[in-house]
Amino acid sequence: METEREEMKPSYSLKWDLETLFPGGSSSSEYASFIEKTEALCSSLLQELQATGDKLPDPERLTEWTDKLQDVLASLREADAFVSCITAQDMGDKRAIAWTERIQTLSARFRQATDLYDSQIASVPDSQWQQWSGIQERALIAFPLNERRDSAKDKLPPALEAVASELAINGYHGWGEHYNTIVGRISIPWDENGETVQLSVGQAANKLDDPDPSVRDLMASKWEEAWSEQADLAADTLNRLSGFRLKLYEMRGWHDPLREPLRMNRMSRETLDAMWTAVEGGIEPLKRYLALKAKRLGKEKLTWHDVDAPIATSQAKIPYDEAAVLITDAFAQFSPEMVKLAETAFADRWIEAEDRPGKRPGGFCTSFPINRQGRIFMTYSGTPGNVSTLAHELGHAYHGELVEDLPPLAQDYAMNVAETASTFAEALVGDALLRVAQNDEEKLSLLDDRLQRAVAFFMNIRARFLFETRFYERRASGMLEVSELNELMVAAQKEAFGDALDSWHPHFWAAKLHFYITDVPFYNFPYTFGYLFSAGLVAVAEREGAGFSKRYDQLLKDTGIMTVEQLAKHHLDVALDQPKFWEDAVARVVADVEVFAELCKE
């Protein structure tokens, strides 16, 4: 890294700027006005669709509805992005919580409108539909329109879907918000500098991968205890969320709980099965890595909370400004456009990274399609994992920027391909750091960080998938108690990790936010898809050099208008429902184990 550049780098704020979006936070009058206008526009669309009845829409009416639907969609995304930010930065902000309920109500109204819209377009005779949807000005939204038309035939009548959406506000989504209340009430006592401080969940989580094993062990005990105290509430919440989903699926005639998440991710069951089969083939090399890491840490086997621990006995913190330089340097090896986006995000304060109480755990990136900006949320404490998270979220921001000129319907890419852009960005950072590593010890540490991510996507995510799949099977027969959920979780962890660990995280089902997100069922396998798909893309980038960046951009732009199988075939000429692509991607990932093993010998 160039010394001159280090000296000249600016000092970036760890707090984001929301004032340029809607000044005043949860008390913003501009935001209130924006919501009112969006509600009025949504109500107008809903009323027009309700008034149509069984009458077939003419082409002019279809065009008006489609334009208005896209206007509401963009505004709703803008509104939801802002409320996500203000609730995440302060979980005790009661006004923000109230806005969340209002947005959920608005979203339910919009779902009623879209259900009616979908029913209307499904009623149009094929010949008329092809004529209307086939014109050039609708080329970019033809895929999502046809997708909506087909899915309308697979749901309840619009009136019943509307009732389900209304009931979901205070039922299904209400339970999801209740989980945030549970998380917000957790306060973990911790002794620092001779005094006891109360850590939020986000702050406590950073202690779980502390370089000092005594810190990890102590926090792991406190962490499990804290979640055990909230387990009854979390279990009640998880049971109610899954019960709502299963009942709605039953009413629609859906018997497979994976039917909705697969459709949402625009992928087939064959592709999912091919991916998991390939992942299973990569477990043994990763078990070898975990055994080597255990030996390095002076243990026979790792505990659950040792997996993400650094292998160095002490680890220098990476200042936030230095992380910014690391990331922009890595992005510069691939694309000047990615660098420009990252520099804008740091300089314009798109990123909330301050380590303080009251924030929600985890990280996310959200886009403001009308303001054409992004915002990134995380808690930065200076670990290499934090740097990876930051690169990950900037990958999401880049993806969002690439699609911002497309019609709103064409911007609606699925979670699995969204995770492709983010993990691709992580890979760029990891590869760049390895290239400039000063010694074997540094290389070993960087490889450890990369292999930790492989363990996360191959083992941890797979454990979540196994748990959730089996949980839904059992939930169909009734609610599960805390002890049953703990047993299911530990069994899934043991299967996913094999015999690589000597302790588990029974309350992981309670501690992991992803199980409680209501907008996206099975918030797990898309991560592994994105990770492996990006590994394949990195391999192509290495073969093709600088010229691949433009093709990569176009692939990301097309993520909202193709299935994943079509995307891979069109841009990479590979078949995702066959094992070869996934096996090659897994082999590329686990190749790091051999290098790690050689460095351990030295």
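Thresholds, definitions, all that
- Residues numbered from 1 in each chain as written.
- Predicted model: local features only at pLDDT ≥ 70, side-chain atom pairs only at ≥ 80, totals over all residues.
- Heavy atoms only, no water.
- 1 Å grid on protein atoms, 1.4 Å probe; cavity = no way out; pocket = protein on both sides within 12 Å on 5 of 7 lines; lining within 4 Å.
- Points joined across faces, edges and corners; volume = space filled by probe spheres on them.
- Helix = DSSP H or I, 4+ residues; strand = E, 2+ residues; numbered from the N terminus.
- Nonpolar A, V, L, I, M, F, W, Y, C, P; charged D, E, K, R; others polar.
- Buried < 20%, exposed > 50% of the residue type's maximum accessible area, 1.4 Å probe, protein only.
- Pairing = 2+ DSSP bridges.
- Contact = heavy atoms within 4.5 Å.
- Core = buried A, V, L, I, M, F, W, Y, C linked by side-chain atoms within 4.5 Å.
- Salt bridge = Lys/Arg side-chain N within 4 Å of Asp/Glu carboxyl O.
- Polar contact = N/O pair within 3.5 Å; in protein donor to acceptor, adjacent residues only side chain to side chain.
- Patch = residues over 30% accessible without salt bridge, like charges linked within 9 Å, V, L, I, M, F, W, Y side chains within 5 Å.
- Areas by Shrake-Rupley, 256 points an atom, 1.4 Å probe, with all protein chains shown as cover.
- Lys, Arg positive; Asp, Glu negative; His and termini not counted.
- Charge placed at Lys NZ, Arg CZ, Asp CG, Glu CD.
- pLDDT = per-residue confidence, 0-100.
- Phe/Tyr/Trp six-rings, centres within 6.5 Å; stacked < 30°, edge-to-face > 60°.
- Lys NZ or Arg CZ within 6 Å of the ring centre and 35° of its normal.

Chemist: What exactly am I supposed to notice about empty space enclosed by the protein here?
Modeler: Over the atoms a probe the size of a water molecule is rolled, and this reveals where empty space is left. Summed over the entire model, instances satisfying the criterion amount to 3 cavities of 30 Å³ or more. Of the voids in this model, the largest cavity is the one considered here, and its volume is about 230 Å³. Every residue lining the largest cavity is counted, 16 residues in all, and those nearest its centre are Ala-427, Arg-453, Tyr-531, Arg-588 and Val-589. Looking at the lining of the largest cavity, the elements that each hand over two or more residues are helix H18 (415–435), helix H19 (440–475), helix H22 (525–544) and helix H25 (579–601). With 5 residues, the top contributor of residues to the lining of the largest cavity is H19. The residue inventory of the lining of the largest cavity, partitioned by class, reads 8 nonpolar, 2 polar and 6 charged.

Chemist: What is the right way to read the pairing of strand S5 (residues 373–377) from this model?
Modeler: Looking down a regular strand, the side chains alternate between one sheet face and the other. With 4 of 5 residues buried, S5 lies mostly within the body of the structure. Summarising the sheet, strand S3 (residues 351–352) and S5 pair through 2 bridges and their orientation is parallel. Following the sheet pairing, Ile-351 is matched in S5 by Ile-376. Direction of pairing for strand S4 (residues 364–368) relative to S5: antiparallel, over a ladder of 5 bridges. Of the residues in S5, the one forming a bridge with Phe-364 is Phe-377. Counted between consecutive antiparallel strands, the loop separating S4 from S5 contains 4 residues, among which Arg-372 sits at a positive phi close to 55°.

Chemist: Explain the sheet that holds S3 to me, please; I cannot follow it from the model alone.
Modeler: Strand pairs in the sheet, formed through backbone hydrogen bonds, run parallel or antiparallel to each other. Pairing in this open sheet of 3 strands is mixed, and the strands run S3-S5-S4 from one edge to the other. The outermost strands of the open sheet, each flanked by one partner alone, are S3 and S4.

Chemist: Would you mind showing me how to read the environment of Tyr-179 here?
Modeler: In this structure, Tyr-179 sits in helix H8 (residues 172–185). Expressed as a C-alpha distance, the spacing of Tyr-179 and Tyr-516, which sit 337 residues apart in the sequence, is 7.0 Å. Residues contacting Tyr-179, with those up to four places away along its chain left out, are Trp-227, Thr-237, Ala-510, Ala-511, Lys-512, Leu-513 and Tyr-516.

Chemist: For this particular structure, what's the right way to read the nonpolar core?
Modeler: Looking at soluble globular proteins, one finds that nonpolar side chains tend to be buried together. Phe-458 and Trp-509 are the most contacted members of the largest nonpolar core, which totals 199 residues. At 16 residues, the largest contribution of residues to this core is made by H19.

Chemist: Looking at this structure, I do not really get the pattern of salt bridges. What am I missing?
Modeler: Oppositely charged side chains can pair when the atoms bearing their charge come close. One pass over the structure, following the stated rule, counts 39 salt bridges. With a closest N to O distance of 2.7 Å, Asp-154 and Arg-259 form a salt bridge. Of the two residues, Asp-154 is situated in the loop between helix H6 (142–152) and helix H7 (158–170) and Arg-259 in helix H12 (residues 259–264); the sequence distance between them amounts to 105 residues. One salt bridge connects Lys-340 with Glu-337, and the closest N-O pair in it is separated by 3.7 Å. Here Lys-340 and its partner Glu-337 are both found in helix H16 (residues 336–347), 3 residues apart, which amounts to about one turn of the helix. Classification of Glu-337 as partly exposed rests on a relative accessible area of 31%. One network of salt bridges, with partners in common, ties together Glu-280, Arg-462, Arg-470 and Glu-495.

Chemist: Explain the side chain of Ser-335 to me, please; I cannot follow it from the model alone.
Modeler: With respect to the secondary-structure elements, Ser-335 resides in the loop between helix H15 (320–332) and H16. On the basis of relative accessibility, which here comes to 2%, the residue Ser-335 falls in the buried class. Polar side-chain contacts of Ser-335 include one of 3.2 Å to the backbone nitrogen of Glu-337. Setting aside residues no more than four positions away along its own chain, Ser-335 makes contact with Tyr-398 and Ser-549.

Chemist: Looking at this structure, I do not really get a negative patch on the surface. What am I missing?
Modeler: A grouping of Asp-58, Glu-60, Glu-64, Asp-67, Asp-71 and Glu-137 is seen on the molecular surface, where their side chains present a negatively charged patch. Position of Asp-58 among the secondary structure elements: in the loop between helix H2 (29–52) and helix H3 (59–89).

Chemist: What is the right way to look at the confidence of the model for the protein in this model?
Modeler: As a general rule, the predicted coordinates of low-pLDDT regions are not to be interpreted in detail. Averaged over all residues, the pLDDT of the protein is 92; the fraction at 70 or higher stands at 97%. Per-residue pLDDT stays below 50 along residues 1–8; that stretch engages in 8 contacts with residues further than four places along the chain or on separate chains.

Chemist: Help me out: how do you make sense of the packing of aromatic side chains in this one?
Modeler: Aromatic ring pairs are defined here through the distance separating the ring centres and the angle between the ring planes. All told, the structure shown has 40 aromatic pairs when counted by the stated rule. Between the aromatic rings of Trp-223 and Trp-227, the centroid separation amounts to 6.0 Å while the plane-to-plane angle is 65°, which identifies the pairing as edge-to-face. Of this pair, Trp-223 and Trp-227 both sit in helix H10 (residues 213–229), 4 residues apart, which is roughly one turn of that helix. Judged on exposure class, the residue Trp-223 and its partner Trp-227 are both buried. Seen from their ring centres, Phe-471 and Tyr-472 are 5.6 Å apart, and the 75° between their planes marks the pair as edge-to-face. Judged by its relative accessible area of 1%, Phe-471 falls in the buried class. Given a relative accessible area of 4%, Tyr-472 falls into the buried group. Taken together, the ring pairs in this structure connect Trp-276, Trp-304, Phe-465, Phe-467, Phe-471, Tyr-472, Phe-497, Trp-504, Phe-508, Phe-515, Phe-522 and Phe-525 into an aromatic cluster. Above the ring of Trp-254, the side-chain terminus of Arg-252 is found at 4.8 Å from the ring centroid. For Lys-359, the ring lying beneath its charged end belongs to Phe-377, and the centroid distance is 4.8 Å.

Chemist: Would you explain unusual backbone geometry in this entry?
Modeler: Trans is the common state for peptide bonds, and a negative phi is the common state for residues other than glycine. Here the phi dihedral of Arg-349 falls at roughly 60°; this positive angle occurs in a residue that is not glycine. Structurally, the position occupied by Arg-349 is in the loop between H16 and S3. For Arg-372, which is not a glycine, the phi torsion comes out positive at approximately 55°. Among the structural elements, Arg-372 can be located in the loop between S4 and S5. A relative accessible area of 43% means that Arg-372 is categorised as partly exposed.

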